[in-house]
Every structure is written in C-alpha cells, then in structure tokens.
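Geometric and topological summary
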Amino acid sequence: MYDRETQFVVEETLNHARIEYTEKGIMHMASRRCMLLGISFSTAILGIVTEFTIPEQFCLDIPEARIDRIGCVLKRINANDTIEARFLRLLSQRDMDRIFVYSHHRAHRDRLLDLRA
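Summarised in this report is the structure supplied together with it.

**Section: the pattern of salt bridges**
Taken as a whole and judged by the stated rule, the model has five salt bridges. For E84, the salt bridge identified is with K75, shortest N-O distance 3.5 Å. Classification of E84 by relative accessible area gives buried; the value is 14%. Given the relative accessible area of 42%, K75 is considered partly exposed. E84 is the partner of R76 in a salt bridge, and the nearest nitrogen-oxygen pair spans 2.9 Å. For R76, a relative accessible area of 44% puts it in the partly exposed group. Through salt bridges with shared partners, a single ionic network connects R18, E20, D61 and R69.

**Some thoughts on the sheet that holds strand β1 (residues 11–22)**
Taken in spatial order, the six strands of this closed barrel run β1-β2-β3-β6-β5-β4, and their pairing is antiparallel. Taking the axes of each pair of neighbouring strands and ignoring which way they run, one obtains an average angle of 45° across the sheet. The sheet contact formed by strand β2 (residues 29–39) and strand β3 (residues 43–48) spans five bridges and is antiparallel. Among the inter-strand pairings, G38 is bridged to a residue of β3, identified as I45.

**Some points on unusual backbone geometry**
In this structure, R66 takes a positive phi of about 60° despite not being glycine. Its place among the elements puts R66 in the loop between β4 (57–62) and β5 (67–77). Overall, the relative accessible area of 63% leaves R66 in the exposed class.

**Re the pairing of β3**
Successive side chains on a regular strand alternate, one facing one side of the sheet and the next facing the other. For β3, a buried count of five out of six residues is recorded, marking the element as mostly surrounded by other parts of the structure. Judged from the five bridges that link them, β3 and strand β6 (residues 82–87) form a sheet pairing that is antiparallel. Across the sheet, residue T43 finds its bridge partner in β6, namely R86.

Definitions and limits used
- Residues numbered from 1 in each chain as written.
- Predicted model: local features only at pLDDT ≥ 70, side-chain atom pairs only at ≥ 80, totals over all residues.
- Heavy atoms only, no water.
- Salt bridge = Lys/Arg side-chain N within 4 Å of Asp/Glu carboxyl O.
- Buried < 20%, exposed > 50% of the residue type's maximum accessible area, 1.4 Å probe, protein only.
- Pairing = 2+ DSSP bridges.
- Helix = DSSP H or I, 4+ residues; strand = E, 2+ residues; numbered from the N terminus.
- Axes fitted to C-alpha atoms, helices over the stretch in contact; angles between N-to-C directions.

In short, geometric facts, not functional conclusions.
Structure, rendered in structure tokens:
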C-alpha cells in the first residue's frame, strides 16, 4: 500500500508532540512526550527522549499547533532515538502551515498564519 504512494519531501521542523497509545491492549491510554523533528504530508520523524516500547499503531498530538489525534503506523525505529511514522491520512496544507508557524526551527522563523484561510 505505502510503496505505491508518492513520496513527499520531509521538511525539518522542531515542535513538541505527544504519542498516545493503549498499553497491553487494555483501555488505559498512555502518553509519552517527544519532539517532531521532520514532517511531510504522509510521514513524521519523531525524536524520543526516554526508552520505552513503541506500539505498532498510535496517535500523534501536536498541542502547540492544536492538531489532535493523527493516526500513525510505526514504520521504522532508528538507532539514534528517532522513529519514523506513517500517517493514516494525508495532512492538509492548513495543518502543515500551522505546524511550521509554531515551529522552533530557525528555517520557519518568518512564517505567518493566514487567518482568512
């Protein structure tokens, strides 16, 4: 399924994010803090601070940009404490603009949010 999709360019960003998932298949939701290091319309690269078991499916929240519950599938775990996740749906351009406006990365310093859109 994913090999037939077009590959979008991953842009560097620096946002605070949160991973939410259920522990051991029980209805108890757990959440862990992480950093959003790179994002495209279909992929996110997350930096995790502590070592914990990451489930195959989880939800990603970006509270600064007010984006809640993006469904994700774990794609790869790298050795440098970063993980690559795939979104279950493509992000809109409006969501991407919000993420870049609230980013702490120096490349997105001059971005503004269009209130009319």
